[in-house]
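Chain residues, written in single-letter form:
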Amino acid sequence: MEKTDIEEESGTPPLPPPPTIPTNVKPEKVAPPKRSVISRRGVGTDGRHISLLTNHFRVSMNVVDAMFYQYSVCITSEDKRVVDGKGIGRKVIDRLYLTYSSELDGKKFAYDGEKSLYTVGPLPQNNFEFTVVVDELLARSANGSPGANGSPSGNGKRPKRSFQSKTFKVAISYAAKIPLKSIVLALKGSEADNNAQDALRVLDIVLRQQAATRGCLLVRQSFFHDDSRHFTDVGGGVTGCRGFHSSFRTTQGGLSLNMDVSTTMILTPGPVIDFLLANQNIRDPRYINWEKAKRMLKNMRLKTKHSNMEFKITGLSEKPCNQQQFPLKMRNGNDANDEEQTLEITVYEYFTKHRGIELSVSAYMPCLNVGKPKRPNYLPLELCSLVSLQRYTKALSTMQRSTLVEKSRQKPLDRIRTVTDAVRNYKHDEDPVLSACGISIDRQLTQVDGRVLEAPKLKVGNSEDCIPRNGRWNFNQKKLLTPVRIERWAVVNFSARCDTSHLSRELINCGRNKGILIERPYNLIEEDPQSRRASPVARVENMFDLVREKLPGPPEFLLCVLPEKKNSEIYGPWKRKSLSEFGIVTQCISPTKINDQYLTNVLLKINTKLGGTNSLLAIEHTSRIPLIKDTPTMILGMDVSHGSPGQADVPSIAAVVGSRCWPLISRYRASVRTQSPKVEMIDALYKPLANGNDDGMIRELLVDFFQTSNGRKPTQIVIFRDGVSESQFNQVLNIELEQIIKAYQHLGEVDFPKFTVIVAQKNHHTKLFQDGAPENVPPGTVVDTKIVHPRNYDFYMCAHAGMIGTSRPAHYHVLLDEIGFSPDDLQHLIHSLSYVYQRSTTAISIVAPVCYAHLAAQQMGQFIKFEDLSETSSTKTSITIEETVPVPELPRLHENVQGSMFFC
């Protein structure tokens, strides 16, 4: 759409007439979207008032009539090829400005690094063509070396130190006008239009250009300096680099700059050998796995110690440095007329004898190849260091992630100081483009009023009241609300370290105190030591053979002891076998310390999975939830989990959980499906088959609601959708909601329910701080004024107690509200849904249905194993992945566990 608009405004020839429609075809008019995002209906008033600060900085605009002019940029090289690389694009445009500033009337511009630049006011003419010469240093070594860069290459020539000039053609052509006034209109709450978003995008591009000029690494709207004081080593050759996110946002209080601390992962800069040792977790270079090293190092950038030149790694030499030969051309004497002769010489000999460089450790290692396929260029490993600020985009291990979190978290006052210092130091508003718009940025955090909602009262065993304090409660001296009785169960042990006899005794004792009657286990089944060398799937198969052999019949529950706490390879095959094939509820544990707190947390999960309830909201217990108590209401949580970065061909996992047993809002059933990689919209909500049946996720949940709610059909459905951005809100309303309605109609219903659709976001950069206190904001804090959207219905809520670091509130966007909640009722419902999470005794940061959907997607995603996928699969292949790789279907759950909260 954006391209078409630009072309039409730039005065290009009109489009050809539409094709003639055959007489037998009836033209269909494309219907406009049925639903659009609703506007705010008011604000809440309940709760204790609290004075807060937020990391939004007020922005003033004094030249509101300013007009941005957008120009298309096309850079072509001497061989007429279009240049796409961002790095070279910025170099070329920087050089263009230095060379042709007068032709552009000295007008400063913002360049996005790709194909657009923006000015305030027009350039002297609509179209320009410039020739730009960029000098690149080729060699730093005056006496030469066979690679023109201080390294041996296959052709063996010895050029002198030189600069290479590259010539580019740059075509600049007018594309569109973007009025700054559109931001003013958006701030007044007028209908959102593309002009306001386009104008904000120009302002954000200015921030990116400023950061690029300072030599920062840019990752969307975040930028990172090459400053080792901001580096955190997380192991494996990976470093966390702290930087800043900055973006302009339209809010109720006016235009603001949202500035936050941000972290990205980079390759640890320094000697390549040190990187390989850290990456492979070894101490001696003799044990480096060179095949793995070759895959890891490909395309990394390095700098040489002897010539200070930068290269990209293309591979490794086939032979060690002291055996890898190349042809070196040399003259017999000093006379230019002397005859040239070619010597076959090793890379090691060249550097030690001809360059006088001592090589102490890399003689027996492969060389790094920085040349082209037919023209290799070899460098000894110890002369090479990885350049800083190279992004690492693979998934972090559990250990790396926990190290990063531990080392990079900041207390609220530290974060306030870091962010305000950054705004003062960067002086964004001194940029000439922003100055031309009369933009100035406050240096102080924005003050905002918040409210603290009272924590909901809970009911536990013996109808006892439980009042959470600071977002927490416990089961000390208390029993679970509806504890289960466990009669037929067993312990299976994959860990050689665990004493299962002691574990089962302690679990039975702890269960008795919480009201769960647990009989002695039928058996304690130890893994055959011979099986431990087998594959994870074989180990699970062998264990189930033992279960069948040693138990008189199928157990109702299996406690499974794993050898590792996180990422055990046995976990996926075990869950698949037990939940899909046998229909047995199972709890996996890997205890390091067995105490009452640990066992209570395990029992909370076991009780929930087996159909018990740990606690309920007091108003839920007495069926007094506003707008839900009288009308059958279903609550849905929807989420899509994607493969790790760099795994382009791993299917995405979509999960929807639906509440059951109305009028309860604490019990849920999950439906999970695979879909095409990286696709965010859920495509199996409604899935009509050739035989006329619907195999979609929503039908499954609607039927379950009907069966568990005394034959009542939901006449209200509240949907919580996780993981979508603002640009996808209309798709949620007009694609996903439409599918849900079709699933309802397929069941023979004419009147469909009233819907309330809410998007829950955690990945945003707004933080809340107490004004004048060092602690995090209290649990239950709500903000629905000043920093929220000027028109749309959104609010921030921090339901949980932030014990470490700085709390991140959840950002809720109400897209549709046919049910008609008042702002207070809706905020109380959402707050209460943070207290019904059966796995823990704390309020959680986002509503429980969303968390359950995430857990269900995560757990069933483990059912599929992708051994054949390369760990270095390129994201570039994702373009054609839908056509080439069929999406494997998830096995369905056994009927015995379909209705259970297996994901807890």
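One can find the structure itself at the top, above this paragraph.
Report follows, based on the coordinates.

Conventions and cut-offs
- Residues numbered from 1 in each chain as written.
- Predicted model: local features only at pLDDT ≥ 70, side-chain atom pairs only at ≥ 80, totals over all residues.
- Heavy atoms only, no water.
- Pairing = 2+ DSSP bridges.
- Helix = DSSP H or I, 4+ residues; strand = E, 2+ residues; numbered from the N terminus.
- Buried < 20%, exposed > 50% of the residue type's maximum accessible area, 1.4 Å probe, protein only.
- Axes fitted to C-alpha atoms, helices over the stretch in contact; angles between N-to-C directions.
- Parallel < 35°, antiparallel > 145°, perpendicular 65-115°, else oblique.
- Left-handed = near helix turned anticlockwise from the far one by under 90°.
- Contact = heavy atoms within 4.5 Å.
- Nonpolar A, V, L, I, M, F, W, Y, C, P; charged D, E, K, R; others polar.
- Polar contact = N/O pair within 3.5 Å; in protein donor to acceptor, adjacent residues only side chain to side chain.
- Core = buried A, V, L, I, M, F, W, Y, C linked by side-chain atoms within 4.5 Å.
- Expected span 1.5 Å × (residues − 1).
- Salt bridge = Lys/Arg side-chain N within 4 Å of Asp/Glu carboxyl O.
- Phe/Tyr/Trp six-rings, centres within 6.5 Å; stacked < 30°, edge-to-face > 60°.

**Side note on the sheet that holds strand β32 (residues 616-617)**
At step 1: In spatial order, the strands read β25-β24-β32; together these three strands make up an open sheet with antiparallel pairing. Two strands bound the open sheet, and with one partner strand each, they are β25 (464-466) and β32.
At step 2: The pairing of strand β24 (residues 458-460) with β25 spans three bridges and is antiparallel. What sits directly across from Val460, in β25, is Glu464.

**A few points about the pairing of strand β41 (residues 810-817)**
At step 1: Burial of β41 is extensive: eight of the eight residues sit out of reach of the surface.
At step 2: Note: strand β37 (residues 754-761) against β41, six bridges, orientation antiparallel. For Val757, the partnering residue across the bridge sits in β41 and is Leu816.
At step 3: Pairing of strand β40 (residues 793-798) with β41, which is carried by five bridges, proceeds in the antiparallel orientation.

**Side note on the packing of helix α5 (residues 272-279) against helix α6 (residues 290-297)**
At step 1: Running from amino to carboxyl end, α5 crosses α6 at an angle of 115°, the nearest separation of the two axes being 11 Å. Taken together, the axes of α5 and α6 are roughly perpendicular relative to one another. As α5 runs across α6, the sense of the crossing is right-handed. Contacts from Val272, Phe275, Leu276 and Asn279 of α5 reach α6 at Trp290, Ala293, Met296 and Leu297.
At step 2: Here the contact of α5 with α6 is built from residues that sort into seven nonpolar, one polar and no charged.

**Side note on the side chain of Ser568**
At step 1: Mapping Ser568 onto the fold places it in the loop between β30 (557-561) and α13 (571-582).
At step 2: Within the local environment of Ser568, its side chain forms a polar contact with the side chain of Glu564, the two groups lying 3.2 Å apart.
At step 3: Excluding residues that lie within four positions of it along the chain, Ser568 makes contacts with Leu562 and Pro563.

**Examining the sheet that holds β41**
At step 1: Strands sit in the order β35-β34-β33-β36-β37-β41-β40-β39-β23-β1-β38 across an open sheet of 11 strands; the sheet is mixed. Strands with a single pairing partner mark the edges of an open sheet, and in this sheet they are β35 (668-675) and β38 (768-770). The sheet shows a mean angle of 30° between the axes of neighbouring strands, direction not considered.
At step 2: As paired strands, strand β1 (residues 48-54) and β38 are joined by three bridges and run antiparallel to one another. Across the sheet, Leu53 pairs through a bridge with Phe769, a residue of β38.

**A closer look at the nonpolar core**
At step 1: Core analysis: the largest hydrophobic core is formed by 118 residues, its most contacted members being Tyr812, Tyr852 and Phe903.
At step 2: No other element matches the nine residues that helix α19 (residues 848-861) contributes to this core.
At step 3: Listed in part, the 42 residues of the second largest apolar core include Val59, Ile178, Val202 and Leu218.

**So, helix α4 (residues 194-213)**
At step 1: Compared with the 28 Å implied by 1.5 Å per residue over 20 residues, the 28 Å span of α4 between its first and last C-alpha is a close match.
At step 2: By the criterion of burial, α4 is predominantly enclosed, with 14 of the 20 residues buried.
At step 3: The positive-phi residue at the C-terminal boundary of α4 is Gly215, with phi of around 80°.

**A look at the pairing of strand β3 (residues 67-77)**
At step 1: In terms of burial, β3 is largely enclosed, as eight of its 11 residues are buried.
At step 2: Direction of pairing for β3 relative to strand β5 (residues 116-120): antiparallel, over a ladder of five bridges. Bridging across to β5, Tyr69 finds its partner in Thr119.

**Some remarks on the pattern of salt bridges**
At step 1: Per the counting criterion, the structure on display carries 36 salt bridges.
At step 2: The salt bridge involving Asp198 is made with Arg201; its shortest N-O contact spans 2.7 Å. Separated by three residues within a single helix, Asp198 and Arg201 lie in helix α4, roughly one turn from each other.
At step 3: Accessibility expressed as a relative area gives 16% for Asp198, which makes it buried.
At step 4: By relative accessible area, which is 35% here, Arg201 ends up partly exposed.
At step 5: Residues Asp260 and Arg415 are paired through a salt bridge, measuring 3.1 Å at the closest nitrogen-oxygen approach.

**Digging into the side chain of His56**
At step 1: Considering the arrangement of structural elements, one finds His56 in strand β2 (residues 56-61).
At step 2: On the basis of relative accessibility, which here comes to 0%, the residue His56 falls in the buried class.
At step 3: A polar atom in the side chain of His56 sits 2.9 Å from the side chain of Thr766.
At step 4: Beyond its immediate sequence surroundings of up to four residues, His56 is in contact with Arg249, Thr251, Ser256, Leu257, Asn258, Gln444, Leu445, Thr446, Thr766 and Ile787.

**Focus on the packing of aromatic side chains**
At step 1: Per the counting criterion, the structure on display carries 20 aromatic pairs.
At step 2: A centroid spacing of 6.1 Å and a plane angle of 50° characterise the contact between Tyr69 and Tyr174, whose relative ring orientation is tilted. Residue Tyr69 is found in strand β3, and its partner Tyr174 is found in strand β7 (residues 163-179); the two are separated by 105 residues along the sequence. You'll find Tyr69 and Tyr174 in the same group, each marked buried.
At step 3: Pairwise contacts between aromatic rings join Tyr668, Tyr837, Tyr852, Phe902 and Phe903 into one cluster.

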